[in-house]
Amino acid sequence: MEKLLHNVKAKIISIGDELLIGQVVNTNASWLGEQLTINGIEVVGILTIGDGEADIMNALESCSDVDLVMITGGLGPTADDITKPTLCRFFNTTMVLNEDALENVRQIFKLRGYPMSERNVQQAYIPKDCVYIPNRFGTAPCTWFEKDKTVYISMPGVPFEMKNVFTTEILSMLKKHFKVTPYARKVIMTTGIGESFLADKIKDWEENLPDFLSLAYLPQYGMVRLRLDGRHKDAEFLNNVISREVEKLYSLIGEFIFGEDDAPIAEVVLEKLRKEHKTLVTAESCTGGAIARMLTSVAGCSDVYKGSIVSYCNEVKINLLGTKPEDIAKYNVVSKQVAEQMAVGARKTLNADYAVATTGVAGPSGGTEEIPVGTVWIAVATPEGVFSKINNFGKDRDNNIQRAGITSLNMLREFLNKK
């Protein structure tokens, strides 16, 4: 009998004292939440708990109201790794040696050229009443339990292992076990407009969305992401409706949209330049290489991006970028004149088609009444000339640097779009 479509609900349990005290960032939960969501499983809760048995038991007991529980952490060979014994207690079973798990441990140690100890053999013991899930990327075995229509899956806490075993083993098992209601989403990337102003512009559109779609505003440094998503029994119909609604968005706020589906602005700009067979360089003062980092984070950028001059002091601006010392003295280093000379100098020195430059006061100190903290001049040098813009991003240093980087690349993107 074919399974009926089902809105599968899940909770994620992340185990580890290091997560609670902030020593390790819980990237597992965010990654798992993303993967489950795009595969049609709704995440309704994330629990982060310590390594204590009572904490794990309480967390497991609190998850009986969902269809799926994903557990990460506590499967290692040391004394504080107690997830497996606690699972035995929760499911009223005992630990047994699993030969497949033991062979997996042997092969991993053989591959790494290390001798096995008795502690490593213990890794191959798993709860008796579970389905063994092989972990080809580490020694911690994964397990699948079912209790009162809820599936419990235990995975290692090491992100590399967890991601790979989920992708190669667990996801296909979930797809066989559950028939989920189709889910789809589109993420629209905007910059140059604040969240509240954006909401005002699309208010009528948002209020008239179909009831099976929802919109979320996701602001971050220098941008706002709009996530449009929903579930519907007819996957093709769902995707068509989302596409139509996105077209309406472009007609309303197209000037602020720089990309889709979480593509970073650096990737968008590099692709535009690649299609035109053009090159780019950067000259950074207050951003200190942040723009270069954004660009070089994109794989394959080397065919477009040639390099950067981080001119943090005036001497470098003068000697490498050709900035006039008299203009620094007359107008200040944070000025239109200096920013434009930096951009033009970088384009010439590094022999590129385009250059972006930043000079400003990132903070938290160094500002004056005339040039307060957060003031950043950004210039873009092109084959047709140079243009610039003054910005004030506020008093937070990290915010200023990130927003200056995004704004710089967006200025170049807007110029390229107008050509």
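Just above sits the structure.
Because the structure is predicted, anything quoted here is derived from the model rather than measured.

**Student:** Please give an account of the sheet that holds strand β3 (residues 68-72) that cites residues and values.
**Tutor:** Paired through backbone hydrogen bonds, the strands of a sheet run either parallel or antiparallel to each other. Read from one edge of the open sheet, six strands run β2-β1-β3-β8-β7-β6, paired in mixed fashion. Looking at which strands have only one partner, the edges of the open sheet turn out to be β2 (42-49) and β6 (131-133). For this sheet the average axis-to-axis angle between neighbouring strands, irrespective of direction, equals 20°. Alignment of β3 against strand β8 (residues 150-155), held across five bridges, turns out to be parallel. Its bridge partner being in β8, T72 is matched across the sheet by M155.

**Student:** Explain the pairing of strand β13 (residues 280-284) to me, and be specific about the residues and the numbers.
**Tutor:** The element β13 is extensively covered by neighbouring structure, given that five of its five residues are classed as buried. Residues L280, T282 and E284 point to one face of β13 and V281 and A283 to the other, with burial holding for every one of them. Inspection of the sheet shows β13 paired to strand β14 (residues 305-310) by five bridges, in the parallel sense. Pairing of A283 across the sheet is with I309, part of β14. Traced from β13 through helix α12 (residues 290-296) to β14, the parallel crossover comes out right-handed. Of the pairings in the sheet, the one linking β13 to strand β15 (residues 354-360) comprises five bridges and is parallel in character. In the strand pairing of β15, E284 is matched with T358.

**Student:** So what about the sheet that holds strand β11 (residues 223-231)? Which residues, and what values?
**Tutor:** Read from one edge of the open sheet, four strands run β10-β11-β9-β12, paired in antiparallel fashion. The sheet is open, and its two edges are formed by β10 (213-220) and β12 (257-260), each paired on a single side. Direction aside, neighbouring strands of the sheet carry axes that sit 25° apart on average. The pairing of strand β9 (residues 183-190) with β12 spans three bridges and is classified as antiparallel.

**Student:** Before we move on, can you summarise the state of the cysteines with the specific residues and values?
**Tutor:** Across all of its chains, the model carries zero disulfides by this definition. With no disulfide of its own, C130 lies 8.1 Å from the sulfur of C88, the closest cysteine sulfur. Classification of C130 as buried rests on a relative accessible area of 17%.

**Student:** Residues and numbers for unusual backbone geometry, please.
**Tutor:** Cis rather than trans, the peptide bond between G363 and P364 has omega equal to 5°. One can find P364 in the loop between β15 and β16 (375-382). One non-glycine residue, D261, lies in the positive phi region at around 55°. Accessibility expressed as a relative area gives 42% for D261, which makes it partly exposed. Positive phi outside glycine occurs at H277, with the angle close to 55°. Here H277 is to be found in the loop between α11 (265-275) and β13. Given a relative accessible area of 72%, H277 falls into the exposed group.

What counts, and where the lines are drawn
Residues numbered from 1 in each chain as written. Predicted model: local features only at pLDDT ≥ 70, side-chain atom pairs only at ≥ 80, totals over all residues. Heavy atoms only, no water. Pairing = 2+ DSSP bridges. Helix = DSSP H or I, 4+ residues; strand = E, 2+ residues; numbered from the N terminus. Axes fitted to C-alpha atoms, helices over the stretch in contact; angles between N-to-C directions. Buried < 20%, exposed > 50% of the residue type's maximum accessible area, 1.4 Å probe, protein only. Right-handed = clockwise from strand over helix to strand, strands pointing away. Disulfide = S-S within 2.5 Å.

Such coordinate-based values are descriptive only and should not be taken to indicate function.
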